[in-house]
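Listed here are the chains, written in short residue letters.
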2 protein chains.
Amino acid sequence: MEDGTSKAQSYCEGTGDYDVRQWDQREDCEVRQILDRVADKWSLLVIALLDRRTMRFSELRREIDGVSQRMLTVTLRHLERDGLIRRTVYPVVPPRVEYTLTPLGETLHEVIKSLVDWTEAHQQEIARARSEYDARTEAEQRIAVGS
Amino acid sequence: MEDGTSKAQSYCEGTGDYDVRQWDQREDCEVRQILDRVADKWSLLVIALLDRRTMRFSELRREIDGVSQRMLTVTLRHLERDGLIRRTVYPVVPPRVEYTLTPLGETLHEVIKSLVDWTEAHQQEIARARSEYDARTEAEQRIAVGS
DNA sequence: CTGAATCCGATCAGATACTG
DNA sequence: CAGTATCTGATCGGATTCAG
């Protein structure tokens, strides 16, 4: 079955204030788990797509292209378990399954959007930093080797 | 060396508007790479810690506890390459290396904070969704097996 | 102290085959 | 159509060792 997180877990009670050491540090911290889900390769994309409209499995699969059937299934199950999306099965033949963002999922999408906006806004800056870093380390390589 | 991303890469030019299909879809998209970095298990924590003050390698290692030396090194290299943190080496013996958040890193921290805030705010809600999901699927299991 | 390099087990994820 | 199950190569990350 390959379940991601075990079921019985002490979820660290937040004190309310913003203490770094509170929101990670331990595997059994809820926040870390949620962050991992958000961090997931396909989750972001699925959420963004579903924010626009309800979609079927095959639609998602076609739209995302690059995702394997297996990984899409796993991703959807995780998101459903976390209450971020809702899965509706229509008892017809052939089967019809629709996925929708829940209200909770919609609020998450807002946050995700700000993250994506940030990356878009700073793309160039990061690209520049990278090439500078690479140039620097390459130069050091040549020195180390002795040219 | 185990480099994360290759160096020569066509970074997809954003059109400016918020189009889902623009910010992922292809491995060679900058945004996807940046998202992956943010998604990284330790990156978030490192950034959050450095936002408070400059820290040395061993300090970070002690503070994070759970991270291996190897992964901390890898994480720091990635963040440095992306221009999110600055690494300063003091030529003394024993060596002293300090890590600081760059201005770019500081702006990212703001965004991260909103993400963390979201997870904290909805912890309970997600926990509830999970146990409901688990109860539901367990029940289905029993039916399938036939009790 | 701050790493880099290597080894190696654990986990992940793609491909394939099968099912209601 | 919408999955599940299995196999397997690829990748990740911890432990260990060595070095400036």
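Calculation notes
- Residues numbered from 1 in each chain as written.
- Chains lettered and ligands numbered in written order.
- Predicted model: local features only at pLDDT ≥ 70, side-chain atom pairs only at ≥ 80, totals over all residues.
- Heavy atoms only, no water.
- Helix = DSSP H or I, 4+ residues; strand = E, 2+ residues; numbered from the N terminus.
- Expected span 1.5 Å × (residues − 1).
- Buried < 20%, exposed > 50% of the residue type's maximum accessible area, 1.4 Å probe, protein only.
- Axes fitted to C-alpha atoms, helices over the stretch in contact; angles between N-to-C directions.
- Parallel < 35°, antiparallel > 145°, perpendicular 65-115°, else oblique.
- Left-handed = near helix turned anticlockwise from the far one by under 90°.
- Contact = heavy atoms within 4.5 Å.
- 1 Å grid on protein atoms, 1.4 Å probe; cavity = no way out; pocket = protein on both sides within 12 Å on 5 of 7 lines; lining within 4 Å.
- Points joined across faces, edges and corners; volume = space filled by probe spheres on them.
- Nonpolar A, V, L, I, M, F, W, Y, C, P; charged D, E, K, R; others polar.

## A word on helix H5 (residues 103-121) of chain B
- Counted at 1.5 Å a residue, the expected span for H5 of chain B with its 19 residues is 27 Å, and the 27 Å between its end C-alpha atoms agrees.
- Listing the buried residues of H5 of chain B in full gives Leu104, Gly105, Leu108, His109, Val111, Ile112, Leu115, Val116, Trp118 and Thr119 of chain B.

## A closer look at the packing of helix H3 (residues 57-64) of chain B against helix H4 (residues 69-81) of chain B
Residues and elements named next belong to chain B.
- Running from N to C, H3 and H4 point in directions that differ by 120 degrees, and their axes come no closer than 11 Å. By the angle class used here, H3 and H4 are oblique. Judged by the sense of rotation from one axis to the other, the crossing of H3 with H4 is right-handed. Residues Phe57, Leu60, Arg61 and Ile64 of H3 form the contact with H4, whose own contacting residues are Gln69, Leu72, Thr73 and Leu76.

## Regarding empty space enclosed by the protein
- Enumeration over the complete set of coordinates arrives at four cavities of 30 Å³ or more.
- In this structure, the largest cavity occupies an estimated 80 Å³ of space.
- Arg32, Leu35, Val38, Ala39, Leu44 and Leu115 of chain A together with Leu35, Val38, Ala39, Leu44 and Leu115 of chain B are the residues that line the largest cavity.
- Counting residues per element, the ones that place at least two in the lining of the largest cavity are helix H1 (30-39) of chain A together with helix H1 (30-39) of chain B.
- It is H1 of chain A that contributes the most residues to the lining of the largest cavity, four residues altogether.
- In terms of residue class, the lining of the largest cavity is made up of ten nonpolar, no polar and one charged.

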